[in-house]
Amino acid sequence: MFLEVKNLSKYYKRSDFWNLKQEVIKAVDDLSFNLNKGEILGVVGESGCGKSTLGRLILRLVEPSGGEVFFKGENLFKLNAQKIKEKRIEMQIVFQDPYTSLNPKMQIGEIILEPLFFHNKIKQNQKESKTRELLEMVGLNKDLSTRYPHELSGGQRQRIGIARALTLCPELIIADEPVSALDVSIQAQIVNLLQDLQEKLNLAYIFIAHDLCIVKHLSQRIMVMYKGKIVELTLSEDLYAHPLHPYTKCLLSAVYDPFSSCEISLKLKENSSDLTLYQGCSFYPRCLEAIDICMFKEPELICAGKEHYTACHLVKEGVK
Ligand code: SF4
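Residues numbered from 1 in each chain as written. Predicted model: local features only at pLDDT ≥ 70, side-chain atom pairs only at ≥ 80, totals over all residues. Heavy atoms only, no water.

**Observations concerning the sheet that holds strand E3 (residues 40-44)**
Which entries qualify depends on this criterion: At least two bridges found by DSSP between two strands are what make those strands a pair. Helix and strand assignments follow DSSP, with helices taken as H or I runs no shorter than four residues and strands as E runs no shorter than two, numbered in order from the N terminus. To obtain each axis, a line is fitted to C-alpha atoms, and for helices this fit is confined to the stretch in contact; angles are then taken between N-to-C directions over 0 to 180 degrees. The criterion used for residue contact is that any of the two residues' heavy atoms lie within 4.5 Å.
Taken in spatial order, the eight strands of this open sheet run E6-E7-E8-E3-E9-E10-E12-E11, and their pairing is mixed. This sheet does not close on itself; its edge strands, each paired only once, are strand E6 (91-94) and strand E11 (302-305). This sheet shows a mean twist of 20° between the axes of neighbouring strands, independent of strand direction. Strand direction decides the pairing type here: strand E9 (residues 221-226) and strand E10 (residues 229-235), joined by six bridges, are antiparallel. Bridged to Arg221 within E10 is Leu235. Here helix H5 (residues 154-166) sits on the sheet and contacts E6 and strand E7 (172-176); the angle it forms with E6, its principal contact strand, is near 175°. Seen against the sheet, helix H6 (residues 184-201) touches E3 and strand E8 (204-209) and runs at an angle of roughly 160° to E8.

**Observations regarding the sheet that holds strand E4 (residues 66-71)**
On the basis of which strands lie adjacent, the open sheet formed by four strands has the order E2-E1-E4-E5 and antiparallel pairing. Of all strands in the sheet, those with a lone pairing partner are strand E2 (22-35) and strand E5 (74-75), marking the two edges. As defined by bridge partners, strand E1 (residues 3-15) adjoins E4 across five bridges and the pair is classed as antiparallel. When the sheet's bridge partners are listed, Ser9 is paired in E4 with Gly66.

**Thoughts on the environment of Lys37**
The following threshold applies: The classification of residues rests on relative accessible area computed with a 1.4 Å probe and restricted to protein chains. Under 20% of the type maximum is buried, over 50% is exposed, and intermediate values are partly exposed. The term polar contact refers here to a pair of N or O atoms within 3.5 Å; inside protein, the definition further demands a hydrogen-donor-capable atom paired with an acceptor-capable atom, and it admits residues adjacent in sequence only when both atoms are side-chain atoms.
With respect to the helices, strands and loops of the structure, Lys37 is situated in the loop between E2 and E3. For Lys37, a relative accessible area of 46% puts it in the partly exposed group. Expressed as a C-alpha distance, the spacing of Lys37 and Arg221, which sit 184 residues apart in the sequence, is 13 Å. The residues contacting Lys37, other than those within four sequence positions of it, are Phe2, Glu171 and Asn202. Polar side-chain contacts of Lys37 include one of 3.0 Å to the side chain of Glu171.

**A closer look at the confidence of the model for the protein**
For clarity, the threshold we go by: You can read pLDDT as the predictor saying how much it trusts each residue, on a scale of 0 to 100.
When pLDDT is averaged across the protein, the result is 89; 92% of the residues are at 70 or more. Confidence drops under a pLDDT of 50 for residues 256-268, and excluding neighbours within four residues, the segment shows 14 contacts in the predicted structure.

**Some remarks on helix H1 (residues 51-58)**
Most of H1 is tucked away, with six of its eight residues classed as buried. Inspection of H1 places Lys51, Thr53, Leu54, Gly55, Leu57 and Ile58 among the buried residues, and these make up the whole buried set. Two residues or fewer past H1, Arg60 is found with a positive phi of approximately 60°.

**Here we look at the nonpolar core**
Our working rule: Think of a nonpolar core as a cluster: buried Ala, Val, Leu, Ile, Met, Phe, Trp, Tyr and Cys residues, connected wherever their side-chain atoms sit within 4.5 Å. A domain assignment, automatic or from a database, supplies the domain bounds used here.
With 53 residues, the main nonpolar core has Ile160, Ile162, Leu166, Phe207, Leu212, Val215 and Ile222 as its most contacted residues. Split by domain, the residues of this core number at least three in each of domain 1 (37-67 + 79-219) and domain 2 (243-320). Setting aside anything within four residues of it in sequence, one finds Ile162 in contact with Val94, Val138, Ile190, Leu193, Leu194 and Leu197. Counting 32 residues, the second largest nonpolar core, distinct from the first, contains Phe2, Leu79, Ile84 and Leu233.

**Brief notes about the environment of Asn36**
Relative to the elements of secondary structure, Asn36 occurs in the loop between E2 and E3. Classification of Asn36 as partly exposed rests on a relative accessible area of 41%. When the C-alpha positions of Asn36 and Glu128 are compared, they lie 35 Å apart, and in sequence the two are 92 residues distant. Leave out the neighbours within four places in its chain, and Asn36 touches Met1, Phe2 and Ala204.

Written out as structure tokens, the structure reads:
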């Protein structure tokens with residue numbers, strides 16, 4: 001298996017101002033899934049659902065509270081600092097904000113070649129040709145190599161972020177909301193660029209977004225997260241044609257009709273004060289389809305049909 005995530009968790013402790021009350025925040029809670037070589041998995045959910053933490057855990061930029069991540073058969077959490085540094089040559093990240101993720105004091109050429117110098121993989125006389133090659137790969141002119149990030153547009157900066165991620169010829173890219181900070185017209189260009197690069201280089205992506213529209217055309221499978229858990233995971237076309245989880249249905253209805261009753265009810269229920277007083281489904285306080293058991297018992301992720309997994313008491317195993 002190319003990438004295998006097993007029971008991955010990340011918990012944070014939070015205390016009140018007087019340090020009298022402590023609570024555990026489950027940013028990522030017992031996630032398991034696989035990714036094939038060259039596959040694009042879209043990860044969708046609202047802000048704070050744990051999708052960015054998941055990306056950072058896979059790259060081991062943060063240490064987990066539990067679980068394992070196997071990349072090409074190797075457990076990343078068992079590797080020492082030197083080995084994980086070498087492993088990251090094959091796994092790269094594109095960050096959300098193309099402005100803050102680029103060093104403002106460095107020229108574009110220096111930024112995109114930095115990973116090669118860090119890993120001693122380039123000679124001085126190869127600098128110019130490599131810079132030109134990378135800039136052309138992301139649709140930019142080589143003349144930009146001596147510019148600074150503040151001289152570029154948002155779209156150009158994100159192309160630089162992508163070029164930097166490609167510098168070491170990785171096999172897996174975690175794209176952490178790569179288009180959220182961009183204008184709508186530029187978003188489509190960046191998504192198309194990522195798609196072209198994926199086809200050309202057979203890259204695998206974990207494409208994180210909070211908008212189902214963005215991941216629709218790009219992803220082969222989509223994973224919907226809510227409060228650190230997977231609530232639905234299936235093939236892209238299946239998710240849009242037959243969503244099973246009430247949260248996925250709400251996300252889809254919000255995409256197509258922002259004034260739908262579903263979205264309005266989400267807003268009303270968000271202010272519920274008893275959010276921490278129950279042990280059941282984490283979506284219970286906002287769910288319009290909730291039944292009695294939802295308040296007391298957490299639903300397990302079950303297989304509802306071919307490659308279609310969901311965690312909801314309303315869905316029975318293999319019924320789809
Ligand atoms: Fe709604 Fe119950 Fe399903 Fe949770 S388990 S999503 S509360 S119906």
